[in-house]
Amino acid sequence: MISEQYKKFLSYVIYQVYPRSFNDTNGDGIGDINGVIEKLDYLKELGVNAIWLCPCYKSPNDDNGYDIADYRDIMDEFGTLDDVKRLISEMHKRDMKLIMDLVPNHTSSEHEWFKQSRMSKDNPYSDYYYWFDEPQNDWQSCFCGSAWEYDEQRGQYYLHSYAPSQPDLNWENPKVVKEIQDVVDFWVDLGVDGFRCDVIDQISKDWERNLNCFGPQLHDHIHALFGRDKVRHIFTVGECWAGDIDEIVRHSAYERGELSTLFQFDHLACGCTTKFRKKPESLKSVRDIIAKWQTLNQERDLIHALFTDNHDNGRFISRMGNDGELRYESATCLAAMFYLLRGVPFIYQGQEFGLTNSHHHSIDEFDDIESVNIYKYFCESMTPEEAIDKINFGSRDNPRRPMSWTAGKNGGFSDAEPWMPLHSRYKEINLETDRNSEKSVFNFYREILKIRRENDAILYGDFEVISKQEDGNFVFTRTYEGKRFIVICNFEDESEISVETSGKIILSNYGRDAVSGTYRPYEVAIIEE
Ligand code: GLC
Ligand code: CA
């Protein structure tokens, strides 16, 4: 039995907006909140009904907004709080939900709390961060180097899991818990419908096991944020890079008053540094991982966060698919592999028209703190050419380049020169060109999302995998109240597939009409019985 609350969440299709690079409306080369409002009808047409907005709060932008200086105000470049209020009301008018990014693990060093905290050992904010006379362990920052930084002013070390300008909040201090609860309430009162919770697994440290995540108080903290009556109805998705299955299951069991779902990264098989390594992973292993999670989620009545791309990884199509000759086939095949499963689809901007990785020759064309730091580190052991090759592959700037809406000036993103160089393939891969093409990724996405919306079997149905582990394809069924769909995705060169069914093909990326037979590279068929 699926509860009504679960049904509500399972109907969400969430589009991730990276506001800085989405759409500039006032000609300063930087995307803004009004730019999101301007595209709401486009998103509605695509078939999404919710947006996850990456951080848009006041920030010095060392980590593009993940270093927050004020949780209750908007970055000047993006607009004002009134713009966000207008965004909420325009979205609600269209029956769309707004999911904000909540960054509870750290603030910017320019946040008032940290400015006060570093002043002395006995001010009201002194325990808002982790201060010690000596580094407590050998933890490394995710952006290279030690996670401990000495602060002259206070004469002590503080912990920063990311950049030194992103000090970790001390969640062992109940005042901090209360502060973040208030932040949550502030946005819920304004009308937001949920939160994506940045590195949520890190808000409790496990000092004993020497782990910078999954500490003993994690459940209590998450519960303190989201288990309260006032916010029980909202949708929450936690970002969770680490963790074993049982931990993850516990954190995303909604009835425990914790998270609605979690981003879990097994299928990307890439962490902070490994994402730059070209590995011989294949879609076979991706298939096995998602099939495992589907089965597990089904058994335990959990929601699977279905995603391939986000703002922290190279484009999935370039990593795992084919971003050349078979780009259309590959993009549509990946969409069918993920978005017809049970769970909540997340689509990252540009993915809906098959955007790939971007290619650049010099590190000067990159902005991201992680890429720039890791490039320096790579250069210690390899040539600049080898290093830039890795950066091109794994950089977080791949998905962060200004959106290519058209093949025209600045890709239609802005009238002015954009804040960072455009995508290297924007003239070839952009929304306008895609929509005018016979092979339109956008149109295929629309079809998939329509099939999802209109069929309870896709929304709530049981999942069963039919293909075998050795097969180079993914064949699965979704069944609900006597109705069954079969989804066939071939991700090898050619696959001979035979399926017993009396059903008909309702969507294909090759114009196929016979169910069985030879499936060509990245061929997809969706069959309704
Ligand atoms: C998360 C964000 C990433 C950010 C980091 C620190 O992983 O997705 O973009 O750099 O947390 O906030
Ligand atoms: Ca702007």
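Parameters at a glance
Residues numbered from 1 in each chain as written. Chains lettered and ligands numbered in written order. Predicted model: local features only at pLDDT ≥ 70, side-chain atom pairs only at ≥ 80, totals over all residues. Heavy atoms only, no water. Near = heavy atom within 4 Å. Polar contact = N/O pair within 3.5 Å; in protein donor to acceptor, adjacent residues only side chain to side chain. Areas by Shrake-Rupley, 256 points an atom, 1.4 Å probe, with all protein chains shown as cover. Nonpolar A, V, L, I, M, F, W, Y, C, P; charged D, E, K, R; others polar. Axes fitted to C-alpha atoms, helices over the stretch in contact; angles between N-to-C directions. Helix = DSSP H or I, 4+ residues; strand = E, 2+ residues; numbered from the N terminus. Parallel < 35°, antiparallel > 145°, perpendicular 65-115°, else oblique. Left-handed = near helix turned anticlockwise from the far one by under 90°. Contact = heavy atoms within 4.5 Å. Donors = N, O, S within 2.8 Å, 3.2 Å for Na, K, Ca; no water. Buried < 20%, exposed > 50% of the residue type's maximum accessible area, 1.4 Å probe, protein only.

K.L.:
Would you mind going over the site of ligand 1 in detail, with residue names and values included?
P.N.:
In the vicinity of ligand 1 lie 14 residues, with D63, H106, D198, H311 and D312 positioned nearest. The side chain of E239 places a nitrogen or oxygen atom 2.8 Å from an oxygen atom of ligand 1. A distance of 2.9 Å separates an oxygen atom of ligand 1 from a polar atom in the side chain of R396. With the chains in place, 98% of the 310 Å² that ligand 1 exposes on its own is no longer accessible. Of the residues that constitute the shell around ligand 1, the class distribution is five nonpolar, two polar and seven charged.

K.L.:
If you had to explain the packing of helix α11 (residues 327–339) against helix α15 (residues 441–454) to someone new, which residues and values would you point to?
P.N.:
For the pair α11 and α15, interaxial distance at closest approach is 10 Å and the crossing angle is 15°. Judged by the inter-axis angle, α11 sits roughly parallel to α15. Between α11 and α15 the crossing geometry is right-handed. Contact residues: α11 offers Y328, A331, T332, A335, A336 and Y339, while α15 offers V441, F444, Y445, I448 and R452. When the residues that make up the contact of α11 with α15 are grouped by side-chain class, the tally is nine nonpolar, one polar and one charged.

K.L.:
Outline the coordination of the calcium ion (ligand 2), listing residues and values.
P.N.:
Looking at the calcium ion (ligand 2), one finds its protein donor set to be D24 (OD), N26 (OD1), D28 (OD), I30 (O) and D32 (OD), positioned 2.2 to 2.3 Å from the metal centre. When the donors of the calcium ion (ligand 2) are listed by position in the chain, the intervening gaps give D-x1-N-x1-D-x1-I-x1-D. For D24, a relative accessible area of 8% puts it in the buried group. The exposed category is assigned to N26, whose relative accessible area is 52%.

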